[in-house]
Amino acid sequence: MSATIIKGGRVIDPANKRDEIGDLAIANGKIAKMSEVRSRKSEEIDAKGLIVAPGLIDIHVHLREPGFGHKETIASGARAAGTGGFTTIVCMPNTLPAADNPATIAWIKDRAADTACVHVLPTGAISKNLAGEELAPIGSLGQAGVVAITDDGHCVQNHELMRRAVEYARMVGLPILDHCQDYNLVGSGVVNEGYWSTLLGLPGWPAAGEEAIVMRNILLAELCDHHIHCQHVSAAGSVRLIREARARGVKISGEVCPHHIALTDEAIRNFDTNYKMNPPLRSKADVDAILQGIADGTLSILCSDHAPHAEFEKEVEFDQAPFGIVGLETELGLFIDLLVHKHRKIDIARLVEMYTVEPSKLLKLHAGTLSVGAAADVTLIDPDLEWTVRIDKFKSASRNSPFDGWKLRGRARRTIVRGKTVWKL
Amino acid sequence: MNWNRKDLLGLRELSADEINFILETADAFKQVGTREIKKVPALRGKTLVNFFVEPSTRTRTSFELAAFRLSADVINISASTSSLTKGETLKDTARNLEALHADILVLRHSSAGAPQFLAQRLKSSVINAGDGAHEHPTQGLLDIYTIREKRRKIDNLNVVIVGDILFSRVARSNIFGLTKLGAHVTLVGPSTLVPREFEKLGVTVSHKIDDVLPGADVVNLLRIQHERQRKEYFPGIGEYTTLFGLTKERAKLLKPDCLVMHPGPINRGVEIDSEVADGLQSVILDQVTNGLAVRMAVLYLCGGIAT
Amino acid sequence: MNDKKHKAGPSRTSGVPIMDAEAIRRALRRIAHEIIEQNVDLTSAVLAGIPLRGVEIARRIAEFIREVAKIDIETGTIDVAMHRDDVGTRAELPIVHASKLPLPLEHRTIVIVDDVLFTGRTVRAAMDAISSFGRPARIQLAALIDRGHRELPIRADYVGKNLPTATREQIQVRLRNVDQEPDGVWLFKE
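Notes on the structure in this doc start here. (Residues numbered from 1 in each chain as written. Chains lettered and ligands numbered in written order. Predicted model: local features only at pLDDT ≥ 70, side-chain atom pairs only at ≥ 80, totals over all residues. Heavy atoms only, no water.)

To continue, consider the overall build of chain B. When helices and strands are tallied, chain B shows 11 helices and nine strands. Whereas a compact globule of 307 residues would reach a radius of gyration of roughly 19 Å, chain B reaches 19 Å, a difference of no more than 12%. Referenced to the eigenvectors of the C-alpha coordinate spread, the extents of chain B come out at roughly 55 × 45 × 35 Å. The buried share of chain B, taken over its 307 residues, is 60%. Partitioning the contacts of chain B with sequence separation of at least 6, the portion at a separation of at least 24 is 73%. (Helix = DSSP H or I, 4+ residues; strand = E, 2+ residues; numbered from the N terminus. Rg over C-alpha atoms; globule rule 2.2 N^0.38 Å. Buried < 20%, exposed > 50% of the residue type's maximum accessible area, 1.4 Å probe, protein only. Contact = heavy atoms within 4.5 Å.)

Here you go:
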């Protein structure tokens, strides 16, 4: 019977309103009472100076399997997650075949059970093949074990179809995650529409293209009385709309990826495709609005939108390159450094909450807590550790990141899944 | 001034001194065109590849002639004759050319940033012959050269550029070069093609051509296209000509010594009336001649750097 | 010698003065007389200077000829930078200038004028340049200084001063109108 005591760390467990220096006991892969463990021979982990948090959850990750294994596999993505301090990751359905049918979901779950060192939770598609024309078998997907439905990578343009999807999802109790992009307004846009797109002659992706769909989702969330979560919020207008809607009690929420606060659209000035993502990097005003949105709770979840691509895929002309960057191994460091230390928008306890309680609430997971009896998924964090990002050390199969060489303050030190250490620094 | 660039990617990153240096060098090369034997051995033994992924006859011919006059060997590759159609990446195609010891690569491509992409990866000199809507530096230079030739200076001149600015690399290169040399640039066209955002580049934006023409020292008309992608931007050629075309009538508003320019090819009767294109104020053909001199200068300067 | 960038070279104090303004004046005057002597029909001759100093020297010789023979001899410019055989191997790219020669060249005598004759490669490039303009009846060469060390079979018809030198030595010519310094020729040991 294995037992572990994590000693002397700052235990932050927002679900149980706990934030104090203390010990945490683990037995048989579950959080245990100290009394159970004290009598036994147990492994001791010294957590002095570290934060002891429930295992962090990243609800926006692309694992690329099945179909794009040259970019990432479930195994390598899980290793990257462990290195980043994550014990649970939620993977997106834009695989090949798309995760729009129970068989693919079953394949993903089997694969994860065999090869993944962290928990992998699949999402299912809203529409068949993510084409936005016909509903995917949402009920069957729910039964197959998806935690949410989303067309991420794509966005249902037909509001009527989206309405029906929301109503249907409500029936089976699945939350909806939406990649907010109006295809007409955005057109062939590759960078934020603004000074830099004008200067460089690149097609612009106007903020209104995201805001229009955020507005659509707010109206549908109200109409159908069901929760819609807006993914990777990037524009000031989106933050404002979500804030106003939440104030009225609408079931709407938003998440933030670190690149949307770490960088602005000026970064694309040399046509480096490591700064090309969807939605794109935007202006300083947008960055400030997002920071404010995090500070006042409008935007309640942090994630990466980890989007691996092979080097030969990214090393092409700017408008030909696929969108996205990897993020699992840098997101925690970037968020602690920028939100807690540099801009002081939230404290570390709230950051932990945004990575644990908030996603668990959204997806109705039995995770994100250190309650006795819960799975022993624990992340130890050193909030003051200074380190330099080295992409050649990434566990991910891909290296498409703009953060190589960045000096950050804050990092995970140890990742524990079901009581076992899967990674330590 | 010591020229030390192996590539010419755009006018945005050049200093005013560098631009003037290219123009002075072009003065010297313009003379070669008047000799009996229009050839100098400056780039003898060098190989120049015209890699026109986006097709063009005029620009390519101009670069080809410029290379011949400098005694370089020229190869022409277009998208259809290259292995890009077989799925080879741009990077691989270019590296193959480098393996054949191509010294200078003249690239026209529909993707902004493509010349920069290659210049960073190749030892060869890369000359941008037009990348998407981003820049067309030799066109910008020959436009400025022509103005300088006729008016002796650039600074404080009022230069008006008319047309589809949003999608125009010719407009951007002109804007960067002219503002750097002190000209006052005004952009004119439909608000959908000339958004106010351009004012942040140090120019004035107007949607009323009649207000702007009387004060102009130079009017540069861009070719207006109405293919599929542009149908949402303005209703049609007829309306464009009514609102923005340099008709015979409108040309009466111009100062007598105002220069009328056009990068070509001209759409007679659309952005410019036939009579105006052939009129006394038009320097359109000078632009073509000057284009050759400017390109010789650019090839000489970038291709002559010791590697 | 083709014109290099006007570097801040060794200071005047470390150079040996070879010719002063008066010596230069006398030498160019003598060359003017020699040209008059050797060219029966001065109206078909052209003094074509190599930029920058050769052009100034050609101008001064033409003035002397005007003074002495009362004839306005034609002058011109031959840019050799485009005709060099070493483009791409030099650390600095030579600055090019526009050439200007009175056309047609047939039946004319072109006198190439330069400040210093050294390896002869500049003159070879000048002859190459001339050939792209046409085919003159005769080409001659006038140099203010001949410092020896020819690498090609080229010789000057008119010389201001013969100055044997070692190859690593440097000759510097300064002309008032070109360099904004008083006229002079200096020899530097390194």
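For the rest of this paragraph, the subject is the interface of chain C and chain B. Tallying the contact residues gives 20 residues for chain C and 21 residues for chain B. Together, the buried faces of chain C and chain B total about 1800 Å²; carbon and sulfur atoms form 61% of this surface. Put simply, chain C and chain B have zero salt bridges between them. The tally of links from chain C across to chain B stands at seven residue pairs in polar contact (both at pLDDT 80 or more). For the side of chain C that touches chain B, a count of residues per class yields 10 nonpolar, seven polar and three charged. (Buried area = accessible area lost by both parts, 1.4 Å probe. Salt bridge = Lys/Arg side-chain N within 4 Å of Asp/Glu carboxyl O. Polar contact = N/O pair within 3.5 Å; in protein donor to acceptor, adjacent residues only side chain to side chain. Nonpolar A, V, L, I, M, F, W, Y, C, P; charged D, E, K, R; others polar.)

Ranking the two pairs of chains in contact by number of contacts places chains B and C first. The closest approach of any C-alpha atom in chain A to one in chain C is 28 Å; the two make no contact.

One can find B:Pro41 in the loop between α1 (16–32) and β1 (47–52). According to the relative accessible area criterion, B:Pro41 is buried, its value standing at 17%. Considering only alpha carbons, one finds B:Pro41 and B:Ser71, 30 residues apart in sequence, at a separation of 5.2 Å. Dropping the residues within four chain positions of it, B:Pro41 is found in contact with B:Leu70, B:Ser71, C:Met82, C:His83 and C:Asp128.

Our focus in this paragraph is the packing of aromatic side chains. A full pass over the atoms with the stated rule returns nine aromatic pairs over all chains. Taking the centre distance of 6.4 Å and the plane angle of 75° together, the rings of A:Phe271 and A:Phe318 count as edge-to-face. One end of the pair, A:Phe271, is in the loop between α10 (259–262) and α11 (284–295); the other, A:Phe318, is in the loop between α12 (311–314) and α13 (331–342), and 47 residues separate them in sequence. A residue is classified by how much of its surface remains accessible, and A:Phe271, at 8% relative accessible area, is buried. Overall, A:Phe318 belongs to the buried group, its relative accessible area being 1%. Between B:Phe234 and B:Tyr240 the ring centres are 5.9 Å apart and the planes differ by 50°, which places this aromatic pair in the tilted class. As far as the burial class goes, B:Phe234 and B:Tyr240 line up, both buried. In this arrangement the basic side chain of A:Lys71 is found over the ring face of A:Phe68, its NZ or CZ atom lying 5.6 Å from the centre. (Phe/Tyr/Trp six-rings, centres within 6.5 Å; stacked < 30°, edge-to-face > 60°. Lys NZ or Arg CZ within 6 Å of the ring centre and 35° of its normal.)

All names here are of chain B. As summarised here, the arrangement of the four strands in space is β2-β1-β3-β4, forming an open sheet in which the pairing is parallel. For this open sheet the edge positions go to β2 (73–78) and β4 (125–131), each flanked by a neighbour on one side alone. Mean inter-strand twist for the sheet, computed between neighbouring axes without regard to direction, equals 15°. Sheet strands touched by helix α3 (residues 90–99): β1, β2 and β3 (104–109). Its angle to β1, the strand with the most contacts, is close to 160°. Where helix α11 (residues 284–303) meets the sheet, it contacts β1, β3 and β4, and its direction lies at approximately 145° from that of β4. (Pairing = 2+ DSSP bridges. Axes fitted to C-alpha atoms, helices over the stretch in contact; angles between N-to-C directions.)

Residue and element names in this part refer to chain C. Examined against the element boundaries, Asp-146 turns out to sit in strand β5 (residues 138–146). Classification of Asp-146 by relative accessible area gives buried; the value is 10%. Separated by 2.9 Å, the side chain of Asp-146 and the backbone nitrogen of Gly-148 make a polar contact. In terms of polar contacts, Asp-146 uses its side chain to reach the side chain of Arg-150, at 2.9 Å. Asp-146 has contacts with Leu-117, Val-159, Lys-161, Asn-162 and Leu-163, leaving out every residue within four places of it along the chain.

A separate point is the pattern of salt bridges. Working definition: two side chains of opposite charge can pair if their charged atoms are close together. All names here are of chain C. On inspection of all chains with the given rule, the structure shows 56 salt bridges over all chains. Across the salt bridge formed by Arg-155 and Asp-157, the nearest N and O atoms sit 3.0 Å from each other. The exposure class of Asp-157 is partly exposed, given its relative accessible area of 25%. Salt bridges here are not isolated pairs; linked through shared partners, they connect Glu-56, Arg-59, Arg-60, Glu-63 and Asp-183.

Further remarks concern the sheet that holds strand β7 (residues 170–174) of chain C. Residue and element names in this part refer to chain C. One open sheet holds the three strands; their spatial order is β1-β8-β7, and the pairing between them is antiparallel. The sheet terminates laterally at β1 (16–20) and β7, the two strands that pair on one side only. Direction aside, the axes of adjacent strands within the sheet are offset by 20° on average. Helix α1 (residues 21–38) rests against β1 and β8 (184–188) of the sheet, and its axis sits at about 50° to β1.

So, about the interface of chain B and chain A. With 20 residues of chain B at the interface, the matching set in chain A holds 18 residues. Carbon and sulfur atoms make up 56% of the surface buried where chain B meets chain A, a total of about 1600 Å² over both sides. Across the contact surface, chain B and chain A share two salt bridges. Our enumeration of links across chain B and chain A arrives at seven residue pairs in polar contact (both at pLDDT 80 or more). Contributing elements (two or more residues each) for the side of chain B that touches chain A: α3, α4 (114–121) and α6 (169–180) of chain B. It is α4(B) that provides the largest number of residues to the side of chain B that touches chain A, a total of four residues. Partitioning the side of chain B that touches chain A into residue classes produces eight nonpolar, six polar and six charged.

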